[in-house]
Amino acid sequence: MNGMIPGGWSFVVAAYSVTAIVLIIYGASVIARLRQETARRNHD
Amino acid sequence: MYDDNNRFPRLPWIILGLGVLFLAIGSYIGLFVAPPEALMGQVQRIMYVHVPTAWNALLALTFAFVCAVIFLFKSDWKWDARMEASIEVGVVLGFLLCCQGSIWAKPTWGVWWDWDPRLTTTAVLVFAFLGILALRKFVEDPARRAMWSAVATIIASVDVPIVYYSVRWWNSLHQLQSSPSTVSRQFWLPLRMNAFGILFLMTAFIMLRARVASMRLKYELVPPPALGETI
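Fair warning: this is a prediction, and the values are worked out from it, not measured in the lab.

### Details of the interface of chain A and chain B
Part 1 of the reasoning: Facing 23 residues of chain A, the contacting portion of chain B comprises 29 residues.
Part 2 of the reasoning: A breakdown of the residues in the side of chain A that touches chain B according to their chemical character gives 15 nonpolar, 4 polar and 4 charged.

Structural data, given as structure tokens:
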């Protein structure tokens, strides 16, 4: 025992995974909406 | 009166690429190169994504405040589009911040969530700006929507400095802000790489999302064609 929290990799992997998932999904949604608006503008 | 926010069409994509690159390198160093912290061990590696997310969430919402003030003074629609974009990005980063914080809290504090001043004020901030996004969704008149949400943004922004200083003003479970003098040199590099990575991603998202809002505004502000024109 040295006072250090043992293990913890599962929490680290969870935090980085959540970060990647949220940023990828949000980025994809922005790009999808941009394409949608561009298509509407070109159609009009 | 109206700006399509499209003078540099490639710029957001370049910034987005830089953000992904910085975040990938910073995360690699944070996960595999930097040493574990003396007390928190491996769990401390969450700091390399949590702290940059916090900085940039507050930055995005501060930018929303600036956009709201400029819109109220200049009535220029591009600032309304930028405000909408920065609020949305700020809310996404705020939500992500709460998720990361919760995951970090469990092994260090023993709980997923605690109604401590920093966490509570952050939750209030996220829900206040989420409410403004809901307000924007429900108001159809662009002028009213812009005016009401600008005023609401200025009011909600009062919570931004409260979130930042909450750990100093009240007795909090959450640790105080770190500074270069309190963070070991080995931890600087991944922290700063990821801070710039998320800053670039946030900037690119705001630019692209403002472009979406601008295009939608252009559509809303153009008067409908006369009946004869449509036939």
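After that view of the structure, there is still more to cover.
### Describing unusual backbone geometry
All names here are of chain B.
Part 1 of the reasoning: Positive phi values are uncommon outside glycine, yet Ser-75 reaches one of about 50°.
Part 2 of the reasoning: Note that Ser-75 resides in the loop between α2 (47-74) and α3 (77-109).
Part 3 of the reasoning: Classification of Ser-75 as partly exposed rests on a count of 14 C-beta atoms within 10 Å.

### Some details on the confidence of the model for chain B
Residues and elements named next belong to chain B.
Part 1 of the reasoning: Residues with a pLDDT of 70 or more make up 93% of chain B, whose mean pLDDT is 90.
Part 2 of the reasoning: Of all secondary-structure elements in chain B, the lowest mean pLDDT belongs to helix α8 (residues 227-230), at 56, while α2 reaches the highest, 96.
Part 3 of the reasoning: Model confidence for the complex: the whole-complex pTM is 0.91, and ipTM, which rates the interface, is 0.90.

### So, α2 of chain B
Part 1 of the reasoning: Spanning 28 residues, α2 of chain B covers 40 Å between terminal C-alpha atoms, matching the ideal 40 Å at 1.5 Å per step.
Part 2 of the reasoning: One or two residues past the end of α2 of chain B sits Ser-75 of chain B, with phi positive at roughly 50°.

About the cut-offs
Residues numbered from 1 in each chain as written. Chains lettered and ligands numbered in written order. Predicted model: local features only at pLDDT ≥ 70, side-chain atom pairs only at ≥ 80, totals over all residues. Contact = placed C-beta atoms within 7 Å. Nonpolar A, V, L, I, M, F, W, Y, C, P; charged D, E, K, R; others polar. Helix = DSSP H or I, 4+ residues; strand = E, 2+ residues; numbered from the N terminus. Buried ≥ 20, exposed ≤ 12 C-beta atoms within 10 Å, placed from the backbone. pLDDT = per-residue confidence, 0-100. Expected span 1.5 Å × (residues − 1).

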